[in-house]
Amino acid sequence: MGTKDKVADVLRLLESVPISVSEELVLNTVSLVTNLTYYASSSSVLWERRLECVPILAQMLFVDNHEAVLEAARAFGNLSRCPAARKRMRDTRVDEALVLLLDHSDPQVLAAAAGVVVNLAGDKECMSEALLTDALVLLLEALGRGGTGLAEVEATCTVCHGLFNVSASLDWQLDGLVASQIVLALEQLLAELAEAMPALGTQGGEALAQVAQRLMRAIRSRCGSAMASATADMEALQLEQEAFDLRHAMSEAEAGAYESEDQGGEVRVPQMASMLEP
């Protein structure tokens with residue numbers, strides 16, 4: 001059996017075998033496709049059939065299996081380096097599915113999906129303005145929930161690259177409030193990163209700091225006027241968030257007090273100073 005026949009068997013297997021029937025076989029096969037598509041070479045038989053891989057791998061993005069979703073997203077990261085594959089992803093609406101994955105709670109899936117968006121957003125012919133706007137909002141939300149663990153730092157670094165490419169594809173015509181929120185999230189991220197740097201080591205932390213600072217400078221220089229016009233809205237949003245955080249803290253304190261009363265222990269109500277203007 002020749003190499004072309006073997007590749008045909010791999011694609012046929014992914015098309016015909018449900019993951020519920022043979023989970024290990026399907027996962028190993030998707031992983032094989034991911035590894036082989038990493039090498040974008042004319043001598044690669046699988047790479048020659050990369051356009052056929054797009055609809056086949058797309059079904060893996062919707063299965064109830066974290067590993068399958070992750071491997072499929074990684075494979076699309078490889079495929080999306082090719083202009084023809086990006087066009088096929090757009091035509092089959094795979095780009096929309098990958099944008100939705102930006103809301104995923106797992107940092108590895110988030111990083112894989114954001115990596116695809118980096119490639120798609122770098123090609124202005126691939127993503128519609130509406131999809132770019134959706135990606136911008138989801139990337140902003142992902143930036144806000146990023147942690148300082150190694151996996152989270154790697155994902156957040158890719159998110160920042162995604163935000164840069166999406167903003168550039170929108171010609172930096174960002175809503176002033178959104179631009180201000182991105183800058184605020186980046187400022188908070190850099191502050192948290194500075195504290196976590198000793199535990200992270202220089203390599204991962206410095207890479208994230210550099211891309212975050214570059215993105216922040218770009219937004220401030222290109223969206224300054226829009227941000228200035230949204231100052232009042234941003235201040236109102238921050239006050240609203242502070243009020244929400246305060247109510248949440250008070251609710252947790254009350255819940256802790258009730259629990260202490262139930263256990264017959266001494267109740268100590270924490271002192272809290274309001275963050276709101278009088």
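Applying the stated rule across the entire model yields 10 salt bridges. Between Glu 52 and Arg 49 there is a salt bridge; the shortest N-O distance is 2.7 Å. The partner of Glu 96 in a salt bridge is Arg 93, and the shortest N-O contact between them spans 2.9 Å. The exposure class of Arg 93 is exposed, given its relative accessible area of 55%. Taken together, the shared-partner salt bridges in this structure form one network comprising Lys 87, Arg 90 and Asp 91.

Attention now goes to the environment of Asp 233. Mapped onto the elements of the fold, Asp 233 is located in helix H14 (residues 231-262). For the pair Asp 233 and Gly 176, spaced 57 residues apart in sequence, the C-alpha separation works out to 9.1 Å.

We now examine the confidence of the model for the protein chain. Put simply, the protein chain has an average pLDDT of 85, and 87% of its residues get 70 or more. Per-residue pLDDT, averaged within each element of the protein chain, yields its smallest value for H14 (74) and its largest for helix H7 (residues 94-100) (95). Low pLDDT, under 50, characterises residues 266-278; the predicted model gives this stretch 13 contacts beyond four residues in sequence or across chains.

Our next topic: the packing of helix H2 (residues 23-37) against helix H5 (residues 66-79). Across the interface, H2 lies against H5 with an axial gap of 8 Å and an inter-helix angle of 20°. On the basis of their axis angle, the class for H2 and H5 is roughly parallel. Where H2 crosses over H5, the two elements pack in a sense that is left-handed. Along its contact with H2, which presents Leu 27, Val 30, Ser 31, Thr 34 and Thr 37, the element H5 presents Glu 67, Ala 68, Glu 71, Ala 72, Arg 74, Ala 75, Asn 78 and Leu 79. Looking at side-chain class alone, the contact of H2 with H5 contains six nonpolar, four polar and three charged residues.

Rules used throughout
Residues numbered from 1 in each chain as written. Predicted model: local features only at pLDDT ≥ 70, side-chain atom pairs only at ≥ 80, totals over all residues. Heavy atoms only, no water. Salt bridge = Lys/Arg side-chain N within 4 Å of Asp/Glu carboxyl O. Buried < 20%, exposed > 50% of the residue type's maximum accessible area, 1.4 Å probe, protein only. Helix = DSSP H or I, 4+ residues; strand = E, 2+ residues; numbered from the N terminus. pLDDT = per-residue confidence, 0-100. Contact = heavy atoms within 4.5 Å. Axes fitted to C-alpha atoms, helices over the stretch in contact; angles between N-to-C directions. Parallel < 35°, antiparallel > 145°, perpendicular 65-115°, else oblique. Left-handed = near helix turned anticlockwise from the far one by under 90°. Nonpolar A, V, L, I, M, F, W, Y, C, P; charged D, E, K, R; others polar.

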